[in-house]
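Overview (structure and organization)
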Amino acid sequence: MSDGKKANRLIYQSSPYLLQHAYNPVDWHPWSEETLQKAQAEDKPIIVSIGYAACHWCHVMEHQSFENEQIAEVMNTHFVCIKVDREERPDVDAIYMDALQAMGVQGGWPLNVFLNPDAKPFYGGTYFPPKQWLGLLQNVADAYQKSRQELDKSADQFAQHLNTSELTKYGLSGSNFHVREEDFRLIGYNLSTRFDKKLGGLGQAPKFPMPSNYLFLLRYYSHSQDQSALNQLNLTLREMAYGGIYDQIGGGFARYSVDAEWLVPHFEKMLYDNGQLVSLYAEAYQATKEPLYKQVVMDTVAFVERELMNPEGGFYSSLDADSEGEEGKFYTFTKEELQEVLGEEEPLFSKYYHVTAAGNFEHGRNILHRRISDEKFAQENQLALEVLQEMKTGWKEKIMEVRESRIRPGLDDKILLSWNALMLKGLADAYYVFGEKELLALALQNANFLLKNMLKDGKLYHNYKAGKATINGFLEDYALLIQALIRVYEITFDEKWLQQAKSLTNYTLAHFYDEQEQLFFFTDNSSEKLIARKKEIMDNVVPSSNSVMATNLHFLGLYFDEEHYQQLSNNMLSKVKDLVIKEPSYMSNWASLYFYKLKPTAEVAIVGAKAAAKRAELSLFFLPNMLLLGTQNQSTLALLQDKISINGDTTIYVCYNKTCQLPVHTVAEALEQLKNKKQDTNKFPEL
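The sections below set out a description of the structure shown in this document. (Residues numbered from 1 in each chain as written. Predicted model: local features only at pLDDT ≥ 70, side-chain atom pairs only at ≥ 80, totals over all residues. Heavy atoms only, no water.)

The next subject is the overall build of the protein chain. A count of helical and extended segments in the protein chain gives 26 helices and 22 strands. Expected size for 687 residues packed as a compact globule is a radius of gyration near 26 Å; at 26 Å, the protein chain falls within 12% of this value. The principal-axis extent of the C-alpha atoms belonging to the protein chain is close to 85 × 70 × 50 Å. Total accessible area computed for the protein chain in this model is approximately 27400 Å², and 48% of it derives from carbon and sulfur atoms. (Helix = DSSP H or I, 4+ residues; strand = E, 2+ residues; numbered from the N terminus. Rg over C-alpha atoms; globule rule 2.2 N^0.38 Å. Areas by Shrake-Rupley, 256 points an atom, 1.4 Å probe, with all protein chains shown as cover.)

Below, the discussion takes up a nonpolar patch on the surface. Where nonpolar side chains cluster on the molecular surface, the patch consists of Ile-11, Tyr-12 and Leu-19 and spans about 310 Å² of accessible area. Locating Leu-19 in the fold gives a position in helix H1 (residues 16-20). Looking at Leu-19, the relative accessible area reads 30%, which means it is partly exposed. (Patch = residues over 30% accessible without salt bridge, like charges linked within 9 Å, V, L, I, M, F, W, Y side chains within 5 Å. Salt bridge = Lys/Arg side-chain N within 4 Å of Asp/Glu carboxyl O. Buried < 20%, exposed > 50% of the residue type's maximum accessible area, 1.4 Å probe, protein only.)

Pairing is antiparallel in the open sheet, where 3 strands are placed in the order S8-S9-S12. Whereas interior strands pair on both sides, the edge strands pair on one side only; in this sheet they are strand S8 (269-270) and strand S12 (411-412). By the bridge criterion, 2 bridges tie strand S9 (residues 318-319) to S12 in an arrangement that is antiparallel. Residue pairing across strands places Ser-318 opposite Asp-412, the latter belonging to S12. (Pairing = 2+ DSSP bridges.)

What follows is about the environment of Thr-35. Mapping Thr-35 onto the fold places it in helix H2 (residues 33-42). With 172 residues separating them in the primary sequence, Thr-35 and Lys-207 have C-alpha atoms 38 Å apart.

Within a sheet, neighbouring strands are paired by backbone hydrogen bonds and run either parallel or antiparallel to one another. The strand order across the open sheet built from 4 strands is S20-S19-S21-S22, with neighbouring strands paired in mixed fashion. Looking at strand neighbours, the two that pair on one side only are strand S20 (626-631) and strand S22 (659-660), the edges of this open sheet. Looking at chain direction, strand S21 (residues 651-656) and S22 are connected through 2 bridges and run antiparallel. Counterpart to Cys-655 in the pairing with S22 is Cys-660.

If you want it as C-alpha cells, here you go:
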C-alpha cells in the first residue's frame, strides 16, 4: 500500500519481498551491476539487506527501521542501500552469510551487511532494534570517513576468506574411492548420537524437519535391518505429524518448531519443506505401511494444490507466518471460537486436539495437536474408529470454512525452479507409492510447466512470475530438476524425461564443473561475477546441490552406461567422504549416496505390454537401491538393449553391473532375486 508515498526503485521488481519495501522512505535499489557501479562512482559504502517474504523478523525490522523517516535519511545520505530476496538470489545470500559467520556472528535473516564500494564486506549482523540500528549506521558512516584504510583492509581479508575453497575450509583432501561396511556403520552411529529418543528429531529446540536425515535413516535401515533406526524414524515422523508443526486441519508443514516437542511452529509454510516431506512420508509408508503416513502425504498434497498452485501448474514459494499483524492467527483458535463453530461436538474435538480455555499459545489461542493414534483415542472414548474418522472429517470441513472467512497469511507468489523440482519429486514419489491418478496428473502438469517456462535454449532459469523468467539458473535448479525428471521417467517409462535429464547434466558439466576440485560451482560460468564463486557441499534443509548432482551422475551413469558419469560421482563422494562419516547430520544426502555405492544398484527392467502394471506391483515394496526402466516394446536406452518380452509375456530382468539374472514373469520372482542379492549384507548391531 502506497498511502500517497513515493515509490523507490523496487517498484519495478517482481519479487513480493522486494515489493513489500517499494514504498519505504529508504532509497532501496535491487542488486545489479548498475547499483554497484553507483556505489563506486559516489565512493559510498553499501548496505545489503537480505530477507524473504515469509520472514517474521524481516517484517519487524522493516516496520521499525526501514519505514522510519529519520533512519531512512541516515541510510540514504551515507549509503547505497540494496534489498535482496534471498530466495531469488541464493548466490548473493550465501556469500554474505558466509562473511557474517566469518565475523563471528550467528547467521539468520534479516541479514544486514556493510560493504565497501567493491562489494567486499567489513561488518554485519541480523536483526537490529531501531535505536541500535541508527547508532550502528552513524558509527559505520563515521568510521568510513575516518578509518577507511582499516575498513578496506578488513574487507580484503573477508573477501580472501570468501574465496577459500570449501575443501580447504573443512580440511578435506580427498582420497582414492572406496566404500566400506564399517564406515557406513560409523555414519549410522555418528548420526544416532544426535537422536532425541524421547521426542524424535535431532538435538534440541528449535527443531527443523531436515528430511534428508530421515531419508538416509530409511536407507540405513534397509541395508542394516537395525530396528532402532526404524524406531527413531517412526518416532520422529509420528511426533511431527501429531505436533503443531503440522497443520492438523488443512495439511502441510510449517518451517520449524520453536520447542523440542514439535508443538509451537514458526508458522510460515515453505514449498521446499512440503515437497521433501511428501517424498519422506511416502517412502516411510512404503517401508512400514503406517496409514498415518499416507494421510499426511495426501493432506499435504491437497494443501499445496489448494494454496500454492498457480493456474498454469507451477507452485508458489511460501505462505507467511503472520496475518493481521499476528503470528499464527490464521491457524489458531480460542476455546470459545470452537464452541461456536462445533457446538456439542466441541468437548470431544478439544480432547482430541488438546484445546484448553487458557490456550497453549499467545492471547489464549490454541495450536491444535495430537498425542495418540486414532485407534487409541477411539478406544479410550468408546467410539468406533470409523465414527471418529467421520467426525474428524466433519470437524475439518467446519474449521476450514471458518479459516476461509479469515484474513489469509501473505502469499509469496514467485515460482522458483529448484523448489518446484522438490515438489515435483514429491508428487512423483507419492504417485509411485500410492498409484493415485491425480498425483500423476499434478506431477506431469508441473513438469511440463517447468520445461515450457523455465528452460530456454538448453539453459534453465531460477524464477518465473507474470510470464517472465529473468535470473539464470543455479546449480540447485539443475540438480533438483534432473533428480525429479529421473523419477518422472520411472513413473511413466517415457524416455523424453530421462533424455532431458541427461541434456541438463551435460550443460552443468560444461558450465558449472570445476575440473581442479572435481566439484560443481553454485553459479553458471556465464552468470554475473560476484566477489566469490562458491561451491555448496553441506546438506541443509535442502540437500546441497553437489550431493544431489553426485547422486544424479550415479543413476544416469547406469541408465546411459556412461562410465564417465559414474567416475565423476565416485570422485565427488571421495572428496567429502571423511566429513560424511564424521558429521552425517550435515552430510546426510551424501550419506545416502554412500549407501547406493555400498552394494551394486539393482537395475530392474520391465519389458512388455503390462510394464506399468508390473511397476505398480513392484512399488508396494521399499527397494531404495534400485533404478527402474521399462518399455512396452522398444527403447533407445543401453540397459534395455537386447531385452525382450519372452513368449509375449511381460518380462522382468533383474541385473547388477550389467549382468542379469534369469528373466522372470512375476514380481514375486523378481523380488526373490533382489532379496537373495541383499542377503550378502550382515545384520548390524543396533545403534
